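# Structural characterization, general
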Amino acid sequence: MSLDTLDHAVLLSIVLALITYVSKGKLWGVTSAPATSTGSRDIAEVLSASGKRCIVFHGSQTGTAEDYASKFAKELQSRFGIPSMTADLEKYDFDSLPALENKLVFFFMATYGEGEPTDNAIEFMEWLNSADDLAAVKFGVFGLGNSTYEFYNAIGRKVQAKIAELNGQFLGPYGEGDDGRGTMDEDFLSWKDAMFASLKDQLDVEEHAMQYQPALEVVELDAADPSTVFLGEPSRKYLDPSQDLSLGPFNHSHPYLAPIASTYELFSLASRSCIHAEFDLSDSNLRYSTGDHLAIWPSNSDAHVSKFLAIFGWEDKRNQVIDIRLLDQTASVPFPTPTTYETVVRHYLGITGPLSRQSLSAIAAFAPTDASKLLAMALGGNKDAFKEKIHDRYMDIADALAYISGGATWEVPFSFVIETTHSLQPRYYSISSSSLSEKRSIHVTAVVEADTPAGSDHLVTGVTTNLLRHIQLTQNQSSQDPHQRYNLSGPRGKLARFKLPVHVRRSTFKLPTNPASPVIMIGPGSGVAPFRGFVRDKVHRKTQNPNEKQGKIMLFYGCRSAEEDFLYKEEWPQYASKLGESFEMITAFSRETTRKVYVQHRIMERAEEIADLLGKGAFIYVCGDASRMARDVHDALAEVLVASKKMTREMAVDMLRNFKIQNRYQEDIW
Ligand code: FAD
């Protein structure tokens, strides 16, 4: 029996697949890149082995500090020829730091919560507090914070002060970026310019034009065993059939693929949306306690993925399998490989959100025409023009590049995009269920971000909340269109039947241990989420132990109107009937009266009672909007103390600060 051409082709492809499988791709000279490169935790050793002169550490929670650290290191290397690397604080020991005489050490330090270090900076802060002397080392510090929080940039300032106390040398001024005023980008650029000017004075360095020096190489594979190719799985574990994915610990590198048992719409408005979603934990050992946060791992929408691939001319290569080779051993690949172009864009990179001026300047070199290059450079170099043409028009990177080139594709190396785009980050949600009454289920309450703001000619959407909305509409077989569509079945169908990767982040936002302590909860809008959990906790305890002494519970809630966006409107009377007189909900509907009424006005109306409860040891909880509400509520509480306790405003503010230190005034704000 002779084989025809088709048979030969089939046989050849089987043999090729087998070879690929057996060799795991090594025949093509490609191996999967390790997640981190050198393996050593000793800073001096890593710097010496890699030939680097500068190390830029980041204490980062959501990836912003890491992103700025990376941009800074790249520019130092490219403009001044100073071999530089970035480093996650968590991955190093610091014993050799005081001896880094001829090196440059930078810290990009985010402040988290109530003036705390980020998770990856905790050990470093402990080390710094007990360090002896840093006189031999040259430092630079940039803090990232939010001025709407009381302990603004506490960690950046602490690091700067501690280095000064330990006689460290400074390469330039201390810098601070403020997310609260929305000026992080411009703050960074001003600090960077001042730091570079100082470096030019202090060090013998020559300045060059910025030039991209790749740290990674993208290799397109001709053949790869499909079972080894990552299609959006969060990490290597998810492609290993021997791993039990229902077992924790679940954290920022290992999420649980949680089934969403049910979802429903909480608003009765056509124009706005808030999703209630219930994640089922019964098949896993994932646990939480009331007041914790749920991290939801999103993917990008179909439209955003297509727009991004199109502007770079990668649409035809969507499914091309790629691997990444490290050209610089101190770099790392931020996702598992081998993978595909589309997977990287859909699952691993943060491709939406405002474009930064620095990023535009960096990508200008790849503009398709001289005219578009000039325009990109002009916008990147001019704060006001950039604000008017790009920022105030809510453009993401694909929008901005299309606007600048008139739609012509940009030929940018994929490695550049990987190196300069931050990773797609999980978003956090205050859990709105009670771990006492919902032991095997986590509820979240998410306001969907979708708006056409003044200045924009398109609907501006948030990644995760629109994914939740797409799930809600599909799960409930709604005829309504989602604002964005997603690949709901996920890689290899792993998210089919409504699953999402999640993990729990422990929080200190907790009810007092003594149930007789009075509590004052203030949570307008989705800020009511954790208080639904708190109240359900109270109801559970009351049902289990009816004679337990229960302190007064005041819940201040605000929204636009009782008919449109009153969250869990039907539930509160049920809780009130179970808890009796101890529970009181005080509402403020801002659009129902001629004068807008907010929670802070209601607080003032109840000043005497609040002051009385504070005298009896009440705990205050505030949740929701960090930009204005938290400050307005703080000011109202200070007024309450001034009016009822006959103290000066200074004394009242001091008293509230002491409450915070004693954990009697807790905030969960964003
Ligand atoms: P993202 O994609 O992160 O976008 C953020 C914003 O940027 C959106 O408004 C989006 O429309 C806008 N945007 C998108 N593109 C552009 C552009 N090109 N230019 C300018 N703007 C753009 N939220 C809740 O609803 N409920 C909660 O219980 C809750 N709890 C939280 C608890 C904590 C501890 C924290 C930190 C946050 C909490 N949040 C909560 C907020 C939540 O984490 C998300 O930030 C929010 O849901 C938006 O996520 P997203 O992915 O939909 O939007």
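For clarity, every value in this text was computed on a predicted model and none was experimentally measured. (Residues numbered from 1 in each chain as written. Predicted model: local features only at pLDDT ≥ 70, side-chain atom pairs only at ≥ 80, totals over all residues. Heavy atoms only, no water.)

Helix and strand counts for the protein chain stand at 20 helices and 23 strands. For the protein chain, the residues scored as buried account for 53% of the 670 residues in total. Taking contacts inside the protein chain between residues at least 6 apart in sequence as the whole, the part at least 24 apart equals 76%. Of the roughly 29900 Å² of accessible surface on the protein chain, 50% is carried by carbon and sulfur atoms. Seen as two clouds, the 68 positive and the 85 negative side-chain charges of the protein chain have centres 5 Å apart. (Helix = DSSP H or I, 4+ residues; strand = E, 2+ residues; numbered from the N terminus. Buried < 20%, exposed > 50% of the residue type's maximum accessible area, 1.4 Å probe, protein only. Contact = heavy atoms within 4.5 Å. Areas by Shrake-Rupley, 256 points an atom, 1.4 Å probe, with all protein chains shown as cover. Lys, Arg positive; Asp, Glu negative; His and termini not counted. Charge placed at Lys NZ, Arg CZ, Asp CG, Glu CD.)

A few words now on the state of the cysteines. By the definition in use, this model includes zero disulfides. No disulfide involves Cys274; its nearest neighbouring cysteine sulfur is the one of Cys559, lying 11 Å away. (Disulfide = S-S within 2.5 Å.)

We now examine the site of the ligand. Taken together, the neighbourhood of the ligand is formed by 25 residues, with Tyr428, Tyr429, Thr445, Glu449 and Thr465 sitting nearest. Here Thr445 contributes a backbone N or O atom positioned 2.8 Å from a nitrogen atom of the ligand. The separation between an oxygen atom of the ligand and a polar main-chain atom of Val447 is 2.9 Å. Contact with the protein chains removes 79% of the 970 Å² of surface that the ligand exposes when unbound. Looking at the shell around the ligand element by element, the count peaks at four residues for strand S14 (residues 427–430). Here the residues of the shell around the ligand sort into 11 nonpolar, nine polar and five charged. (Near = heavy atom within 4 Å. Polar contact = N/O pair within 3.5 Å; in protein donor to acceptor, adjacent residues only side chain to side chain. Nonpolar A, V, L, I, M, F, W, Y, C, P; charged D, E, K, R; others polar.)

To continue, consider the domain arrangement of the protein chain. If you check the domain split of the protein chain, you get domain 1 (43–203), domain 2 (217–232 + 302–420), domain 3 (236–298 + 426–505) and domain 4 (519–669). Domain 1 puts five residues into the contact, and the matching count from domain 4 is seven residues. Surface buried jointly by domain 1 and domain 4 totals about 670 Å² across both partners, of which 40% is contributed by carbon and sulfur atoms. Run the count over domain 1 and domain 4 and you get two salt bridges. (Domains from an automatic or database assignment. Buried area = accessible area lost by both parts, 1.4 Å probe. Salt bridge = Lys/Arg side-chain N within 4 Å of Asp/Glu carboxyl O.)

What follows concerns the UniProt feature "domain: Flavodoxin-like" (unreviewed entry) in the protein chain. Look at the UniProt record and you will see "domain: Flavodoxin-like" (unreviewed entry) annotated at residues 54–196. From the first C-alpha to the last, residues 54–196 spans 14 Å; its make-up is 36% helix and 25% strand. (UniProt positions renumbered as here; feature names shortened; annotations may be inferred.)

This part takes up the pattern of salt bridges. Applying the stated criterion to the full structure yields 42 salt bridges. A salt bridge links Glu207 to Arg79; the nearest nitrogen and oxygen atoms lie 2.6 Å apart. Of this pair, Glu207 sits in the loop between helix H6 (184–202) and strand S8 (216–220) while Arg79 sits in helix H3 (residues 64–80), and the two are 128 residues apart along the sequence. Glu548 is the salt-bridge partner of Arg541, the closest N and O atoms lying 3.0 Å from each other. Each member of the salt-bridge network shares a partner with another, and the members are Glu75, Arg79, Lys192, Lys200 and Glu207.

Moving on to the UniProt feature "domain: FAD-binding FR-type" (unreviewed entry) in the protein chain. Cross-referencing UniProt, the feature "domain: FAD-binding FR-type" (unreviewed entry) maps to residues 253–498 in the present numbering. Along residues 253–498 one finds 30% helix and 18% strand; the C-alpha atoms at either end are 21 Å apart.

Let us look at helix H15 (residues 529–544). Taking 1.5 Å of rise per residue, 16 residues should cover 22 Å, and H15 covers 23 Å from first to last C-alpha, within 8% of that figure. Within the span of H15, buried status applies to Ala529, Pro530, Phe531, Arg532, Gly533, Phe534, Val535, Arg536, Asp537, Lys538 and Val539. (Expected span 1.5 Å × (residues − 1).)

With that settled, consider the side chain of Arg346. Tracing the backbone through its elements, the reader meets Arg346 in helix H8 (residues 341–348). A polar contact is formed between the side chain of Arg346 and the side chain of Asp302, at a distance of 2.8 Å. If we ignore the near neighbours within four places in the chain, the residues touching Arg346 are Ser299, Asn300, Ser301, Asp302, Val305, Leu424 and Asn487.

Before going further, it helps to examine a negative patch on the surface. A cluster of like negative charges, contributed by Glu90, Asp119, Glu123 and Glu126, occupies part of the molecular surface. Summarising the element assignment, Glu123 is placed in helix H4 (residues 122–130). The class of Glu123 is exposed, set by a relative accessible area of 60%. (Patch = residues over 30% accessible without salt bridge, like charges linked within 9 Å, V, L, I, M, F, W, Y side chains within 5 Å.)

All right, on to unusual backbone geometry then. Cis geometry is found at the peptide bond from Gly248 to Pro249, where omega equals 0°. The topology assignment puts Pro249 in the loop between S8 and strand S9 (256–265). The phi torsion at Tyr568 lies on the positive side, around 55°, for a residue other than glycine. Secondary-structure assignment places Tyr568 in the loop between strand S20 (553–559) and helix H16 (571–579).

What follows is about the packing of helix H18 (residues 607–615) against helix H19 (residues 629–645). How two helices sit against one another is set out by the angle between their axes and by the gap between those axes. Axis separation between H18 and H19 bottoms out at 9 Å; the angle between their running directions is 85°. Taken together, the axes of H18 and H19 are roughly perpendicular relative to one another. Along the contact surface, H18 presents Ala607, Ile610, Ala611, Leu614 and Gly615, while H19 presents Leu637, Val640, Leu641, Ser644 and Lys645. Grouping the constituent residues of the contact of H18 with H19 by class yields seven nonpolar, two polar and one charged. (Axes fitted to C-alpha atoms, helices over the stretch in contact; angles between N-to-C directions. Parallel < 35°, antiparallel > 145°, perpendicular 65-115°, else oblique.)

The next thing to look at is the nonpolar core. Among the nonpolar cores identified, the biggest contains 44 residues, and Phe312, Leu360, Ile363 and Trp410 are the most heavily contacted of them. Contributing elements (two or more residues each) for this core: helix H7 (302–311), strand S12 (321–326), H8, helix H9 (357–363), helix H10 (370–381), helix H12 (397–405) and helix H13 (414–420). At five residues, the largest contribution of residues to this core is made by H12. Once you skip the residues sitting within four places of it in the chain, Ile363 turns out to touch Phe312, Ile397, Leu401, Trp410, Val412 and Phe416. (Core = buried A, V, L, I, M, F, W, Y, C linked by side-chain atoms within 4.5 Å.)

Let's shift gears to the side chain of Arg664. Within the secondary structure, Arg664 sits in the loop between helix H20 (649–661) and strand S23 (665–669). Within the local environment of Arg664, its side chain forms a polar contact with the backbone oxygen of Ala618, the two atoms lying 3.0 Å apart. In contact with Arg664, other than residues within four places in its own chain, are Leu614, Gly617, Ala618, Phe619, Ile620 and Phe659.

Residues with a pLDDT of 70 or more make up 94% of the protein chain, whose mean pLDDT is 92. Confidence drops under a pLDDT of 50 for residues 1–36, and excluding neighbours within four residues, the segment shows 38 contacts in the predicted structure. The ipTM for the predicted assembly is 0.99, set against a pTM of 0.91. (pLDDT = per-residue confidence, 0-100.)

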